[in-house]
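Below are the chains, spelled out letter by letter.
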2 protein chains.
Amino acid sequence: MHVVVPFDGTDPLSRLDPVLTHAERRDFARACLEDVCGTIVATDHQPHILTTSELAVSWPTRVDDRPLTPAVNAILAERSAPVAVIMADLPLVEPGVIERFLDTPGDVVLAPGIGGGTNALISRHPEFRVDYHGASIRDHREQITRIDGEYEQVDSFRLATDIDEPADLAEVLLHGRGRAHEWLVKRGFMIVTTGGRVTVERDVREQ
Amino acid sequence: MHVVVPFDGTDPLSRLDPVLTHAERRDFARACLEDVCGTIVATDHQPHILTTSELAVSWPTRVDDRPLTPAVNAILAERSAPVAVIMADLPLVEPGVIERFLDTPGDVVLAPGIGGGTNALISRHPEFRVDYHGASIRDHREQITRIDGEYEQVDSFRLATDIDEPADLAEVLLHGRGRAHEWLVKRGFMIVTTGGRVTVERDVREQ
């Protein structure tokens, strides 16, 4: 399976702006990318990073400065064999989850993200194209039905948890085991419990 | 397996207060409870509802007006056979997810919720007790290690998605198929896409 990992090398994780500087966001995004790619390698697959700008990494890269949707669709249009697309901001993934995902049958396999996104997908249908705007999980399902395909959804909390908002950092602290987890701990982030769901606080003395 | 479904019959889903009246919250909580119990029945298990006040349902109930933690621990203390505890505010669950959960081995099986909660668990260890306060998933893991037990975590987006905040209603609209989904649609709730994750809006003309 050709496994693509899209990565925003320019202004990643912009909604973490309230808690991280621009340089920190780039650094943390890189830790997440390494967690995802390292996990893919652990399942004996090769990650191909689709990046908006040049990137010094040990995995093959393809630079495309267009938005995510046309950049991914260019790859889907080029290839006749199945393609998997796994987002770079999923630092909770573990080898067992990636294996379960890649082993799922179906013309198109969808792993929903919290809040309507599509955090990972496999296309085995020549006509399928992505559209990551808005409630993409719903739009992808509708498209697959239109092109007479069948989809399967993968039920995974680890694949659903993309890093979008500051509260998502709590999930990394609670459930992560890789570089992104270590990055947050080293910079003083810790869990704080409030009335409802937990969130994070940063001890600036540890920076 | 003895399957317990705790239910707040008094003031459920209080953090939905910004979008639902008290009567609506009770009604919606009841729809969620029926989705969860119906799904458990579909896996050939019997749900036992642990409720804070009398409830007219077709499943066996046990009334205990204490807070969730002591009420659940009373059941764990009484029983020597394994007990599963599945929260009532998980309207995305499907039979396959419940089966995967109930079939998971381990002294204690934990299904984490978004934001540090423990949305479902199985205890096969005589000393294990719940503590639902704060980051309970972390506290439960630590406790299991202290009592020389081993835990397994179940990786499920559907079990992780409890109904806590208004944005969670978007998940029910996108991924639910039962009464809770129908309840929201009938009352005019719909997905709205913004810059990041989707949320919900209500068309009051449909009320």
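Our subject is the structure listed above.
Keep in mind it's a predicted model, so treat the numbers as computed, not measured.

Peer 1: What's the story with the packing of aromatic side chains in this structure? I'm lost.
Peer 2: Aromatic ring pairs are described here by two measures, namely the spacing of the ring centres and the angle between the planes. All names here are of chain A. If you walk through the whole model with that rule in mind, you get 2 aromatic pairs over all chains. Ring geometry for F28 and W183: centres 5.2 Å apart, planes at 45 degrees, overall tilted. With F28 in helix α1 (residues 22-42) and W183 in helix α7 (residues 179-186), this pair connects stretches of sequence that are 155 residues apart.

Peer 1: Help me understand the sheet that holds strand β2 (residues 47-51) of chain B, please; the structure alone is not making it clear to me.
Peer 2: Consider a sheet: its strands pair through backbone hydrogen bonds, and that pairing is either parallel or antiparallel. Residue and element names in this part refer to chain B. Within the open sheet, the 7 strands sit side by side as β3-β2-β1-β4-β6-β5-β7. Their pairing is mixed. Because the sheet does not close on itself, it has two edges, and the strands there are β3 (61-63) and β7 (151-153). On average, each strand axis in the sheet is tilted by 20 degrees relative to the strand beside it, whichever way the strands run. Two strands pair when backbone bridges link them, and strand β5 (residues 108-112) and β7 are joined in this way by 3 bridges, in the parallel orientation. Each residue of the ladder has a partner; that of V109, found in β7, is E152. Taken strand by strand, helix α2 (residues 68-78) contacts β1 (2-7), β2, β3, β4 (83-86) and β6 (118-123), and its axis lies near 165 degrees from that of β1.

Peer 1: Mind showing me how you'd approach unusual backbone geometry here?
Peer 2: Residues other than glycine predominantly adopt negative phi, and peptide bonds predominantly adopt the trans conformation. The backbone of A:D44 shows a phi angle near 65 degrees, a positive value even though the residue is not glycine. Tracing the backbone shows A:D44 in the loop between α1 and β2 (47-51). The exposed category is assigned to A:D44, whose relative accessible area is 73%. In the Ramachandran plot, B:L13 falls in the positive-phi region, its phi being about 50 degrees despite a non-glycine side chain. Residue placement: B:L13 occurs in the loop between β1 and α1 (22-42).

Peer 1: Would you explain the sheet that holds strand β7 (residues 151-153) of chain A in this entry?
Peer 2: All names here are of chain A. Spatial strand order, β3-β2-β1-β4-β6-β5-β7: 7 strands in an open sheet with mixed pairing. Either end of the sheet is taken by a strand with one partner, and the two such strands are β3 (61-63) and β7. Between one strand axis and the next, the sheet turns by 20 degrees as a mean value, whatever way the strands run. Where β2 meets β3, 3 bridges bridge the pair, whose relative direction is parallel. Note that in β3 the partner of T51 across the bridge is V63. Packed onto the sheet, helix α2 (residues 68-78) meets β1 (2-7), β2, β3, β4 (83-86) and β6 (118-123) and runs at close to 165 degrees relative to β1.

Reading the values: the criteria
Residues numbered from 1 in each chain as written. Chains lettered and ligands numbered in written order. Predicted model: local features only at pLDDT ≥ 70, side-chain atom pairs only at ≥ 80, totals over all residues. Heavy atoms only, no water. Phe/Tyr/Trp six-rings, centres within 6.5 Å; stacked < 30°, edge-to-face > 60°. Helix = DSSP H or I, 4+ residues; strand = E, 2+ residues; numbered from the N terminus. Pairing = 2+ DSSP bridges. Axes fitted to C-alpha atoms, helices over the stretch in contact; angles between N-to-C directions. Contact = heavy atoms within 4.5 Å. Buried < 20%, exposed > 50% of the residue type's maximum accessible area, 1.4 Å probe, protein only.

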